[in-house]
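One-letter residues, chain by chain:
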Amino acid sequence: MNARRLLTLVAVAGAVAMACVGSVAPAQAVVPGINGRIVVLGTELGASEFGHSNMYLLRLGAYGYFIQLTRGDSFDGNPAWSPDGTKIAFDSNRGTSGVMDHDIFVIRPDASGMRRLTSGTAIDLDPTWSPDGSKLAFGSFRTGYEQLWVMNADGSNPRQLTTQPGADRHAAWSPDGKKIAFDSNRTGNFEIYTMSSDGTSVRRLTTNKVTDARPAWSPDGRWIVFQSELARRGGRDLYLVRPDGTAPQQLSESDDGTDWAASPDWQSVTSVERCQTSGTILADKIRMFEQRDVICALAGNDDVKAGGGRDVVDGGPGNDRLDGGPGNDTLRGGRGNDTLIGGPGADTLSCGPGRDTAIADKRDHVAGDCETVLRK
């Protein structure tokens, strides 16, 4: 697995279409899906702990389908799917001492079986599952500042992993469960670190004088991707670094210097989903690399550029721009007014519903559902 399976999300304000959940809008976060299901947060009174936010489960491609997972005047956030898809961990201030006091909970995808795993007056937040589903790492303010802790999946045996002054955040397990990546400002600004899953063998990977945050492992464990302000101040791009600290490589560069590239959703080649790389209901900017990829951009006005392999690109609902790469690609516009542009290879362009434009050369096959066809 390499950078070709990386999805770069560029946040676009107001781009979320949440018609299927009625009055619950806008969504403030989207969690990578399990078998075509995603969790969104609907903020009824503002996107902060001082408002309240319940969680909803949507099924991609099934319009109008949703399950309200949580209810009440609480803030439920940072949902995380268990590896087997049977549970969702999250943090919440429901039943706590105040709006800023969060604990860790779990719930089933059918909204049943909610359980509180942590308690007390200290803030516990941002849970993440170990690859085998037996443990949860999370952030906690039990010592006065945010440190990383781990506990069994049933809430038993909590133990502290990090002890240095400063904030240690955003734990991310390696695919084999042996290491945890995280970001920390223990040296002044936030940098990327790794440690063994028992808290030993801490290693600093980045040495920049700007914020590096939110690490995520590639499925083969060879790369860690993270947000960084290294390229410019005021916005963030995505960078790759090896677990041994090899000099970071820049992956994304947004058009606007103030944009933030969100933490990516790495997808395994053995994924049970038909999409090796999935978009979100936001407006996504997706750039693929070499070899063959299957990309489902989903809803939103997406901008997708295929890589060097024989790629399959499904734009989904929204007004999309799909560009073929050097290989023999298949571009499917989906619903919306799409623009499909064939690349150097012998591409197949299928526009779908909407008033679409296909730009193709003589080697490309253009389906009859494209309203305007321009030959290069």
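Preceding block: the structure.
Below you will find a few notes about this structure. As the structure is a prediction and not an experimental result, all values here were calculated from the model.

**Examining the side chain of Asp356**
Right, so step 1: Position of Asp356 among the secondary structure elements: in the loop between strand E31 (348-350) and strand E32 (357-360).
Right, so step 2: Within the buried set, Asp356 has no salt-bridge partner at all; the shortest N-O distance to an opposite charge, 8.7 Å, is to Arg355.
Right, so step 3: Excluding residues that lie within four positions of it along the chain, Asp356 makes contacts with Gly336, Asn337, Asp338, Cys351, Asp369, Cys370, Glu371 and Thr372.

**Describing the pattern of salt bridges**
Right, so step 1: For the structure shown, the criterion picks out six salt bridges.
Right, so step 2: A salt bridge links Arg186 to Asp168, with the shortest nitrogen-to-oxygen separation between them at 2.9 Å. Here the residue Arg186 occupies a position in the loop between strand E15 (179-184) and strand E16 (191-196), and Asp168 occupies one in strand E14 (residues 168-173), the gap between them amounting to 18 residues.
Right, so step 3: Its relative accessible area of 0% is what places Asp168 among the buried residues.

**Some details on the sheet that holds strand E9 (residues 115-116)**
Right, so step 1: Sheet architecture is open: four strands sit in the order E6-E7-E8-E9, paired in antiparallel fashion. Because the sheet does not close on itself, it has two edges, and the strands there are strand E6 (76-81) and E9.
Right, so step 2: Of the pairings in the sheet, the one linking strand E7 (residues 88-92) to strand E8 (residues 103-107) comprises five bridges and is antiparallel in character. Within E8, the position partnered with Ala89 by the bridge is Val106.

**Observations concerning unusual backbone geometry**
Right, so step 1: Residues other than glycine seldom take positive phi values, yet Ala111 does so here, at roughly 75°.
Right, so step 2: Residue position: Ala111 is located in the loop between E8 and E9.
Right, so step 3: A positive phi angle is found at Arg214, which is not glycine, with a value near 55°.
Right, so step 4: By the secondary structure assignment, Arg214 is in strand E18 (residues 212-217).

**Considering the side chain of Asp103**
Right, so step 1: Mapped onto the elements of the fold, Asp103 is located in strand E8.
Right, so step 2: Given the relative accessible area of 0%, Asp103 is considered buried.
Right, so step 3: At 2.5 Å, the side chain of Asp103 forms a polar contact with the side chain of Arg116.
Right, so step 4: For Asp103, the residues in contact, after removing those within four places along its chain, are Phe90, Asp91, Ser92, Thr96, Arg116, Thr118, Ser119, Gly120, Ala122 and Asp124.

**Topic: the environment of Ser201**
Right, so step 1: Looking at the element boundaries, Ser201 is found in the loop between E16 and strand E17 (203-204).
Right, so step 2: For the pair formed by Ser201 and Lys179, sequence separation is 22 residues and the distance between their alpha carbons is 9.3 Å.
Right, so step 3: Beyond its immediate stretch of four places on either side in the chain, Ser201 contacts Thr194, Met195 and Ser196.

**Notes on the environment of Asp364**
Right, so step 1: Note that Asp364 resides in the loop between E32 and strand E33 (365-366).
Right, so step 2: Sequence-wise, Asp364 and Thr330 are 34 residues apart; in three dimensions their C-alpha atoms are separated by 9.8 Å.
Right, so step 3: Residues contacting Asp364, with those up to four places away along its chain left out, are Gly342, Gly343, Gly345, Ala346, Asp347, Leu349 and Arg375.
Right, so step 4: A distance of 2.8 Å separates the side chain of Asp364 from the backbone nitrogen of Asp347, its partner in a polar contact.

**Some points on the pairing of E14**
On any regular strand, side chains alternate: one points to one face of the sheet, the next to the other face.
Right, so step 1: Among the six residues in E14, six count as buried, and that is most of the element.
Right, so step 2: Pairing analysis gives four bridges linking E14 to E15, with the strands arranged antiparallel. What sits directly across from Trp173, in E15, is Ile180.

**Observations regarding the state of the cysteines**
Right, so step 1: Scanning the model with the defined rule gives one disulfide in all.
Right, so step 2: Two residues share a disulfide in this structure: Cys351 and Cys370, whose sulfurs sit 2.0 Å from each other. Between Cys351 and Cys370, the S-S torsion sits near 100°, and that sign places the bridge as right-handed. Of this pair, Cys351 sits in the loop between E31 and E32 while Cys370 sits in the loop between E33 and strand E34 (372-375), and the two are 19 residues apart along the sequence.
Right, so step 3: Under the relative-accessibility criterion, Cys351 is labelled buried at 0%.

**Digging into the pairing of strand E12 (residues 147-152)**
Right, so step 1: Of all six residues in E12, five are buried; the element is thus mostly enclosed.
Right, so step 2: In textbook terms, the turn of a hairpin is the stretch between consecutive antiparallel strands, and for strand E11 (residues 135-140) and E12 this stretch comprises six residues, one of which, Gly144, has a positive phi near 105°.
Right, so step 3: Pairing between E12 and strand E13 (residues 159-160): two bridges, direction antiparallel. Counted as the bridge partner of Trp149 is Gln160 from E13.
Right, so step 4: What sits between the antiparallel neighbours E12 and E13 is a turn of six residues, in which Gly155 has the positive phi angle 90°.

Analysis parameters
Residues numbered from 1 in each chain as written. Predicted model: local features only at pLDDT ≥ 70, side-chain atom pairs only at ≥ 80, totals over all residues. Heavy atoms only, no water. Helix = DSSP H or I, 4+ residues; strand = E, 2+ residues; numbered from the N terminus. Buried < 20%, exposed > 50% of the residue type's maximum accessible area, 1.4 Å probe, protein only. Lys, Arg positive; Asp, Glu negative; His and termini not counted. Salt bridge = Lys/Arg side-chain N within 4 Å of Asp/Glu carboxyl O. Contact = heavy atoms within 4.5 Å. Pairing = 2+ DSSP bridges. Polar contact = N/O pair within 3.5 Å; in protein donor to acceptor, adjacent residues only side chain to side chain. Disulfide = S-S within 2.5 Å.

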